[in-house]
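# Structural characterization, general
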Amino acid sequence: MIDQDAYAEVARAAVERLITTQRDAIAEAGRLVADALTAGGVLQAYGTGHSRAVALELVGRAGGLIPANQLAIRDLVYYGDAKPADILDPLLERESGVAERIWALADIRPADVFVIASNSGGNTAVVEMVQLAQSRGHRVIAITSVDHATTAQRSPSLAELADVVIDNGAPWGDAAVPLPEGDRFGPLSGLTGVLAANLLVAEVVGRQMAAGTPSLVYRSANTPGGYERNAEILRQYGGRVRLGDA
């Protein structure tokens, strides 16, 4: 029977699988991020398509890390000279040169670490961002579907290139619940990607506490003094941390 329980069953299994199988990868990713932040770096979160939601989960939200900046195709309009119509093509993420244009608009410094989210991991704007980061000495953490990368056989892929790979457990094509006519519904990459992002934050905060380092996390702007306190910390990062989404 196709109903909400059909998706709930696969979603529950995917969450449990990520929590139990990705602990080591998330711990190593947490070490890289904690070390970068201790060195004065910023977490650079990047994703295209629906994976922007995973990157956004790491940036500018209550309970999340303050030294975290989102890189996105929309930056070409927000901070560059592109017109909104220029970025409406859904195939733009497959074009060479997009990542370099995004990079040029950001204040990226040597200590920064990258978290790149992409379910397929094979689109050019993702692959080139990994290559740009690594060529400049940055470490790259992937949140991606290893199954999709393996099945699609697109090389190179995010899963092949990243220093640490967190497998979101989504199947090839993302949708997980089969329909009688052969299609599928019920994507998993957003659900497990956001979970992976927050498990990563938890690992970073834990390492900072163990080292006696203050954990710079956002307070809700909708609590007394929250906005002012966040703004005070953000000032030390200047334009390195941009909060582009209202």
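Further up the page is the structure itself.
Computed from a predicted model, the values in this text were never measured in an experiment. (Residues numbered from 1 in each chain as written. Predicted model: local features only at pLDDT ≥ 70, side-chain atom pairs only at ≥ 80, totals over all residues. Heavy atoms only, no water.)

We now examine the overall build of the protein chain. Along its length, the protein chain carries 10 helices and 7 strands. Each of the three principal axes of the protein chain carries a C-alpha extent, and together these read 55 × 40 × 35 Å. Residues classed as buried in the protein chain amount to 46% of the 246 residues present. Of the contacts formed within the protein chain by residues at least 6 apart in sequence, a portion of 72% connects residues at least 24 apart. Working note: accessible area of the protein chain is about 12,000 Å², and carbon and sulfur atoms make up 53% of it. The protein chain carries 21 positive and 29 negative side-chain charges, and their two centres are separated by 6 Å. (Helix = DSSP H or I, 4+ residues; strand = E, 2+ residues; numbered from the N terminus. Buried < 20%, exposed > 50% of the residue type's maximum accessible area, 1.4 Å probe, protein only. Contact = heavy atoms within 4.5 Å. Areas by Shrake-Rupley, 256 points an atom, 1.4 Å probe, with all protein chains shown as cover. Lys, Arg positive; Asp, Glu negative; His and termini not counted. Charge placed at Lys NZ, Arg CZ, Asp CG, Glu CD.)

Another aspect to go through is the packing of helix α1 (residues 4–21) against helix α9 (residues 189–210). What describes two packed helices is the angle between their axes and the distance between those same axes. Contact pair α1 / α9: the axes reach a minimum separation of 10 Å and the direction vectors enclose 30 degrees. If you check the angle between α1 and α9, you find them roughly parallel. Two packed elements cross with a definite hand, and for α1 against α9 that hand is right-handed. The residues of α9 that touch α1, namely those facing Tyr-7, Ala-11, Ala-14, Val-15, Leu-18 and Ile-19, are Leu-191, Thr-192, Leu-195, Ala-196 and Leu-199. Here the residues of the contact of α1 with α9 sort into 10 nonpolar, 1 polar and no charged. (Axes fitted to C-alpha atoms, helices over the stretch in contact; angles between N-to-C directions. Parallel < 35°, antiparallel > 145°, perpendicular 65-115°, else oblique. Left-handed = near helix turned anticlockwise from the far one by under 90°. Nonpolar A, V, L, I, M, F, W, Y, C, P; charged D, E, K, R; others polar.)

Judged by nonpolar contacts, the single largest core of 30 residues is most densely connected at Val-33, Leu-43, Leu-58, Leu-65, Ile-141 and Ile-166. Among the secondary structure elements, those contributing two or more residues to this core are α2 (23–38), β1 (43–47), α3 (52–57), β3 (113–118), β4 (140–144), β5 (164–167) and α9. The element contributing the most residues to this core is α2, with 8 residues. Here Ile-166 is in contact with Gln-22, Ala-25, Ile-26, Ala-29, Ile-141, Ala-142, Ile-143, Thr-144 and Ala-196, once residues within four sequence places are set aside. Of all hydrophobic cores here, the second largest spans 24 residues; its members include Ile-108, Phe-114, Met-129 and Val-130. (Core = buried A, V, L, I, M, F, W, Y, C linked by side-chain atoms within 4.5 Å.)

Two descriptors summarise a pair of aromatic rings, namely the distance from one centre to the other and the angle between the planes of the rings. Taken as a whole and assessed by the stated rule, the structure comprises 2 aromatic pairs. Each ring, one from Tyr-78 and one from Tyr-79, has its centre 6.0 Å from the other, and the planes form 80 degrees; the classification is edge-to-face. The partly exposed category is assigned to Tyr-79, whose relative accessible area is 33%. Arranged with centres 5.3 Å apart and planes meeting at 5 degrees, the rings of Trp-103 and Phe-114 form a pair that is stacked. Linking Trp-103 in helix α5 (residues 98–104) with Phe-114 in strand β3, this pair joins segments that are 11 residues apart in sequence. A relative accessible area of 12% means that Trp-103 is categorised as buried. A residue is classified by how much of its surface remains accessible, and Phe-114, at 0% relative accessible area, is buried. Positioned above the aromatic ring of Trp-103 is the side chain of Arg-136, whose terminal nitrogen or guanidinium carbon lies 5.1 Å from the ring centre. The ring of Tyr-79 carries the charged tip of Arg-242 above its face, separated from the ring centre by 3.9 Å. (Phe/Tyr/Trp six-rings, centres within 6.5 Å; stacked < 30°, edge-to-face > 60°. Lys NZ or Arg CZ within 6 Å of the ring centre and 35° of its normal.)

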